[in-house]
Amino acid sequence: MSDPSASHAAALPRVSLPGTAAPRFDNRLLAELPGDAETGPRRREVRAALWSRVAPEPVRAPQLLAFSHEVAESLGLDEAALRSDALRDVLAGNALLPGMDPFASNYGGHQFGHWAGQLGDGRAISLGEQVAADGRRFEWQLKGAGPTPYARFADGRAVLRSSIREFLCSEAMHHLGVPTTRALSLVATGEAVMRDVMYDGHPAPEPSAVVCRIAPSFLRFGHFELPAVRGETELLRQLADFAIARDFPEFRSVSATDAQTFETRYADWFAEVCARTARMVAEWMRVGFVHGVMNSDNMSILGLTIDYGPYGWVDDYDPDWTPNTTDAQGRRYRFGWQPAVARWNLMRLAQALSPLFGDAAPLQAGIDRFGEVYAEADRDITARKLGLAVCRDEDVALIRELYALMHASEADMTLSFRALADVAPQAGQARAPADASLADASADAFARCPALRAAFYDHTKREAQAEGWRDWLQRYAARLADDALPPDIRAAHMAAANPLYVLRNYMPQQAIDLAEQGDLSELHTLQDLLRQPYTAQPGRERYAALRPDWARERVGCSMLSCSS
């Protein structure tokens with residue numbers, strides 16, 4: 001293993017930050033796991049190693065476009081540090097802080113259902129692992145900072161448009177309450193890169209940028225898959241032990257050294273990975289988020305949303321919608337299939353971990369745990385979205401019927417659920433059996449609720465399904481009358497479960513169009529808006545409206561490519 005002082009990073013200057021205590025980096029992954037003997041970005045196959053030392057490639061004219069105050073505070077960075085040229089240079093890949101030791105990690109993965117071999121961090125370079133004053137760990141990672149050994153034929157850069165989308169979505173998901181990696185900063189490089197947006201043979205220059213991503217760990221399912229496929233069982237065991245010791249301390253205490261005890265620890269850990277993945281995907285489904293490229297190398301071992309590529313939000317409810325043009329034919333990663341794909345990816349992880357087990361039973365138990373936790377989370381979400389004290393079996397059927405109605409009538413998912421919060425407290429006040437008077441009181445709710453009637457993209461389809469909506473609302477009112485929640489509590493629960501503002505695809509595209517002209521106003525407006533996605537913000541009503549017609553088919557506003 002090479003010495004850091006002799007690494008490719010030695011050419012980068014070390015800088016100190018003003019006005020803040022210097023972050024402490026322990027870089028535990030480099031210290032405890034085997035690495036590549038060669039340093040630098042030469043493309044190569046890397047065996048028997050989990051990382052390669054490589055430095056960011058400096059850029060000509062870095063400009064800080066945006067940063068997250070919340071993330072900065074978690075890292076112990078104050079305002080003086082955030083506004084300094086020193087931190088800007090670090091976040092652009094032009095300098096390092098003391099203790100940083102940059103590297104790219106080595107992993108494989110299944111892409112669109114097929115084994116893809118070695119993949120690795122092709123344009124992501126981790127600067128170091130910070131240990132904060134409160135003991136929390138934060139890995140700093142630059143996306144778009146230049147080539148690595150895993151870049152294959154790419155240039156290691158990222159375009160401004162994809163970087164804006166990643167920066168905004170990372171923070172939007174956090175404020176929605178969805179487990180996610182975070183984004184500290186967005187830096188323009190002052191340089192252009194060539195990209196073929198639609199893979200149609202028409203590449204063009206685009207401005208590039210760098211996002212600094214933050215997470216306790218960027219370990220993925222693919223980190224375990226690659227050594228397993230290569231037969232590097234001891235490396236696989238080292239990685240599993242390391243992940244448990246560093247990232248899952250609740251499972252690291254082992255009172256004996258026999259193989260059976262260690263296998264139990266691996267089994268408990270895998271079950272927890274399955275449970276975290278289930279909760280994450282359930283939250284995606286709650287808010288209408290579609291990841292778009294759920295390859296196994298894009299699945300976090302911590303159950304965090306990672307790699308914001310061709311993602312999107314469901315506008316008119318459609319379980320078969322995918323935002324990824326690469327997936328337009330097979331629709332493997334469509335909205336409604338996300339739980340099934342997550343389970344499939346966990347099965348690939350189980351297969352990778354199988355050399356650590358005597359038989360498959362503990363791994364199957366983990367897969368079963370995924371199903372159990374997802375079902376529990378889905379029922380809890382159903383209760384919250386519908387404003388119920390508890391989700392009964394018939395409520396599962398009730399919400400499925402609602403989704404079917406929304407699909408048939410081309411109703412907007414986000415706006416429909418927010419409108420239900422206007423209907424539900426009134427309907428629930430009856431506190432009576434589902435008799436004729438209750439039916440009369442709720443039968444015309446569909447006509448009387450302007451917010452609900454405005455939540456449709458096609459008025460002809462809306463009227464064609466009007467009778468179905470009236471029938472569903474009658475049954476919903478009857479269910480609320482039999483529920484224990486007081487109307488004010490119900491309204492509060494529904495408002496907290498159903499966002500008013502989500503990052504519809506056309507919104508970041510508008511910010512991108514302006515940013516490419518040097519206008520950052522919409523980028524900053526969206527960043528501020530999405531900090532409070534559940535609360536109405538006066539003057540920002542246009543962000544809580546239907547997707548405009550012009551955005552239905554426009555590139556970047558409906559579907560996106562993986563080109564970035």
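What counts and how
- Residues numbered from 1 in each chain as written.
- Predicted model: local features only at pLDDT ≥ 70, side-chain atom pairs only at ≥ 80, totals over all residues.
- Heavy atoms only, no water.
- Helix = DSSP H or I, 4+ residues; strand = E, 2+ residues; numbered from the N terminus.
- Rg over C-alpha atoms; globule rule 2.2 N^0.38 Å.
- Contact = heavy atoms within 4.5 Å.
- Areas by Shrake-Rupley, 256 points an atom, 1.4 Å probe, with all protein chains shown as cover.
- Lys, Arg positive; Asp, Glu negative; His and termini not counted.
- Charge placed at Lys NZ, Arg CZ, Asp CG, Glu CD.
- Phe/Tyr/Trp six-rings, centres within 6.5 Å; stacked < 30°, edge-to-face > 60°.
- Lys NZ or Arg CZ within 6 Å of the ring centre and 35° of its normal.
- Buried < 20%, exposed > 50% of the residue type's maximum accessible area, 1.4 Å probe, protein only.
- Core = buried A, V, L, I, M, F, W, Y, C linked by side-chain atoms within 4.5 Å.
- pLDDT = per-residue confidence, 0-100.
- Salt bridge = Lys/Arg side-chain N within 4 Å of Asp/Glu carboxyl O.

Q: Tell me about the overall build of the protein chain, residues and numbers included.
A: Scanning the protein chain for helices and strands turns up 20 helices and twelve strands. The C-alpha radius of gyration of the protein chain comes to 25 Å, within 12% of the 24 Å expected for a compact globule of 564 residues. Counting only C-alpha atoms and orienting by the principal axes, one finds that the protein chain spans roughly 80 × 60 × 50 Å. Nonlocal contacts in the protein chain, meaning residues at least 24 apart in sequence, comprise 74% of its contacts between residues at least 6 apart. Summing over all exposed atoms, the protein chain offers an accessible surface of approximately 21200 Å²; the carbon and sulfur share of this is 53%. Taking the average location of the 59 positive side-chain charges in the protein chain and that of its 74 negative ones, the two points are 1 Å from each other.

Q: Account for the environment of Arg24, naming residues and giving values.
A: Along the polypeptide, Arg24 turns up in the segment before helix H1 (28-32). Residues Arg24 and Pro98, spaced 74 residues apart in sequence, show a C-alpha to C-alpha distance of 8.3 Å. Ignoring anything within four residues of it in the chain, the contact list for Arg24 reads Glu129, Gln130 and Val131.

Q: Tell me about the packing of aromatic side chains, and please be specific about residues and values.
A: As enumerated under the stated definition, the model contains 18 aromatic pairs in all. Feature note: the residues Trp284, Phe289, Tyr308, Tyr311 and Trp313 constitute an aromatic cluster, connected by ring pairs. Lying across the ring of Trp344, Arg332 places its NZ or CZ 4.5 Å from the centre.

Q: Lay out the environment of Ile512 in plain terms, naming residues and giving numbers.
A: Here Ile512 is to be found in helix H19 (residues 506-515). Ile512 sits in the buried class, given a relative accessible area of 1%. Put simply, Ile512 and Arg123 are 389 residues apart on the chain and 21 Å apart in space, counted from C-alpha to C-alpha. Apart from the residues within four sequence positions on either side, Ile512 is in contact with Arg161, Ile164 and Arg165.

Q: Tell me about the nonpolar core, residues and numbers included.
A: What tends to happen in soluble globular proteins is that the nonpolar side chains get buried as a cluster. Counting residues in each nonpolar core, the largest one holds 129 residues, and the members touching the most others are Phe224, Trp269, Ile301, Trp313, Leu353, Leu386 and Tyr476. Among the elements that make up this core, the one with the highest residue count is helix H8 (residues 259-287) (14 residues). Those residues in contact with Leu386, other than ones at most four positions away along the chain, are Asp395, Leu398, Ile399, Leu402, Phe417, Leu420, Trp472, Tyr476, Leu480 and Met494. By size, the runner-up hydrophobic cluster in this structure holds 39 residues, among which are Ala72, Met100, Ala104 and Val210.

Q: Quick rundown of unusual backbone geometry? Include the residues and the values.
A: With a phi close to 45 degrees, Asn27 is a non-glycine residue in the positive phi region. Phi is positive for Arg331, which is not a glycine, with a value near 50 degrees. Among the secondary structure elements, Arg331 is positioned in the loop between strand E12 (312-313) and helix H9 (338-353).

Q: Lay out the confidence of the model for the protein chain with the relevant residues and their values.
A: A residue-level look at the protein chain finds 92% of positions with pLDDT of 70 or above and a mean pLDDT of 92. Predicted confidence is poor over residues 1-6, with pLDDT under 50, and the contacts of this stretch with residues over four places away or in other chains come to eleven contacts.

Q: Tell me about the pattern of salt bridges, residues and numbers included.
A: Counted according to the given criterion, the structure contains 52 salt bridges. Between Glu32 and Arg28 there is a salt bridge whose closest N-O contact spans 2.9 Å. You can see Glu32 and its partner Arg28 sitting in helix H1, four residues apart, about one turn around the helix. For Arg552, the salt bridge is made with Glu410, and the minimal N-O distance between the two is 3.2 Å. With Arg552 in the segment after helix H20 (521-529) and Glu410 in the loop between helix H11 (393-409) and helix H12 (413-428), the pair connects residues that are 142 residues apart, well separated along the chain. The class of Arg552 is partly exposed, set by a relative accessible area of 29%. A single network of salt bridges, built from pairs that share partners, joins Asp26, Glu129, Arg137, Arg246 and Asp247.

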